[in-house]
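Okay, here's what each chain looks like letter by letter:
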Amino acid sequence: MLSYFTMNNLMHVVDIAIIWFLLYKIIQFVEGTRALQILFGVGAVILVKVVSWYLGLTTLSWVMDQLITWAPIALVVIFQQEIRRGLESLGRRLIVRRTRIDNAAEHQLIKSLDSSLQYMSKRRIGALITIQRDTNLDEYIKTGIKLDAYITGQLLINTFIPNTPLHDGAVIIRKDRIAVAAAYLPLSESTRIPKELGTRHRAAVGISESSDAITVVVSEETGEISITQSGDLLRQMDQESYLNFFERQFLPDKAETPKNRWWQRRRVEK
């Protein structure tokens, strides 16, 4: 019985567990996107190859071999957006975010978002506001009209007033400035987005799939406020829920502020 519990067998178990975990993460990552259907297609090709080899169907087996040989190149082209999103997500997790001591700009951002969202939601003024974080959004900023303006609720409201030159498209906020208005964002192809939602919501999910940006959407039809992050769509956000969300995202955790760090408390006590 003890012969089964060898280091070699243990490493085989760990190896299999890692592979299953990676497969689970890949399926979870592509769920609801066109990538999932393509992965099923790749699986079908491999299954046909195995069956044709087993039955001795030489020609069919040769065709499957050619497909499998060139498949990696085709998959890189087809999945370029998903691969980029995955690598960026991995890179973001490896970056240690710096602790910000002066968060006056973050408080101003939250205050401006709150006042503008309340105004536009009540009047059903459609809006799309993207806030850049670690991932650079220059390729999308280039598509917009440059503002480089100080963030205020009044400016955000005026930007999205219907039938004005800047209302169509997204506002992109970078650092403590409104970088551009009327910018174009990538549209998500996720099948998880409800059918009743329009282009604004698909653009909001799209930019969250390709970056770590946070995007706020105000529905023109219902006035509903939604937030997207990391491919997730948070709907029906009331004032309390979105303020709590913003504070968690933009303000440093109290546990990380200098006065609360344990080694500094010990120094004070001594």
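Preceding block: the structure.
Described below are features of the structure shown in this document. (Residues numbered from 1 in each chain as written. Predicted model: local features only at pLDDT ≥ 70, side-chain atom pairs only at ≥ 80, totals over all residues. Heavy atoms only, no water.)

Assigned secondary structure in the chain consists of ten helices and seven strands. Per-residue burial over the chain gives 35% buried out of 270 residues. Once local pairs closer than 6 in sequence are excluded, the contacts in the chain between residues at least 24 apart make up 60%. As displayed, the chain offers around 17500 Å² of accessible surface, 61% of which is attributable to carbon and sulfur atoms. (Helix = DSSP H or I, 4+ residues; strand = E, 2+ residues; numbered from the N terminus. Buried < 20%, exposed > 50% of the residue type's maximum accessible area, 1.4 Å probe, protein only. Contact = heavy atoms within 4.5 Å. Areas by Shrake-Rupley, 256 points an atom, 1.4 Å probe, with all protein chains shown as cover.)

Moving on, we get to the packing of aromatic side chains. For any pair of aromatic rings, geometry is given as the distance between the ring centres together with the angle between the planes. Within the structure shown, the criterion is met by three aromatic pairs. Ring centres of Tyr-242 and Phe-246 lie 5.7 Å apart, and the angle between their planes is 50 degrees; on these two criteria the pair is classed as tilted. Taken together, the positions of Tyr-242 and Phe-246, both in helix 9 (residues 239-250) and four residues apart, correspond to about one turn of that helix. The same class applies to Tyr-242 as to Phe-246, namely buried. Taking the centre distance of 5.8 Å and the plane angle of 20 degrees together, the rings of Phe-246 and Phe-250 count as stacked. With a gap of four residues between them, Phe-246 and Phe-250 both fall in helix 9, about one helical turn apart. (Phe/Tyr/Trp six-rings, centres within 6.5 Å; stacked < 30°, edge-to-face > 60°.)

Let us look at the pattern of salt bridges. Per the counting criterion, the structure on display carries six salt bridges. Linking Lys-49 and Asp-65 is a salt bridge whose minimum nitrogen-to-oxygen distance equals 2.9 Å. In this pair, Lys-49 sits in helix 2 (residues 34-55) while Asp-65 sits in helix 3 (residues 58-78), placing the two residues 16 residues apart along the sequence. Asp-65 gets classed as partly exposed once you look at its relative accessible area, which sits at 30%. In the salt-bridge network here, residues are joined through shared partners; they are Glu-196, Glu-224 and Arg-235. (Salt bridge = Lys/Arg side-chain N within 4 Å of Asp/Glu carboxyl O.)

As a further point, take the sheet that holds strand 6 (residues 225-229). Strand order in this open sheet of seven strands is 2-4-3-1-5-6-7, and the pairing throughout is mixed. Unpaired on one side and paired on the other, strand 2 (145-150) and strand 7 (232-234) mark the two borders of the sheet. Between one strand axis and the next, the sheet turns by 20 degrees as a mean value, whatever way the strands run. Relative to strand 6, strand 5 (residues 214-218) runs antiparallel, the two sharing four bridges. The residue bridging Val-217 from the neighbouring strand is Ser-226, located in strand 6. Sheet strands in contact with helix 8 (residues 199-210) are strand 1 (127-131), strand 5, strand 6 and strand 7, and its direction is about 175 degrees off that of strand 5. Contacts from helix 9 reach strand 1, strand 5, strand 6 and strand 7, with the element oriented near 25 degrees to strand 6. (Pairing = 2+ DSSP bridges. Axes fitted to C-alpha atoms, helices over the stretch in contact; angles between N-to-C directions.)

On their own, these measurements won't tell you what the molecule is for.
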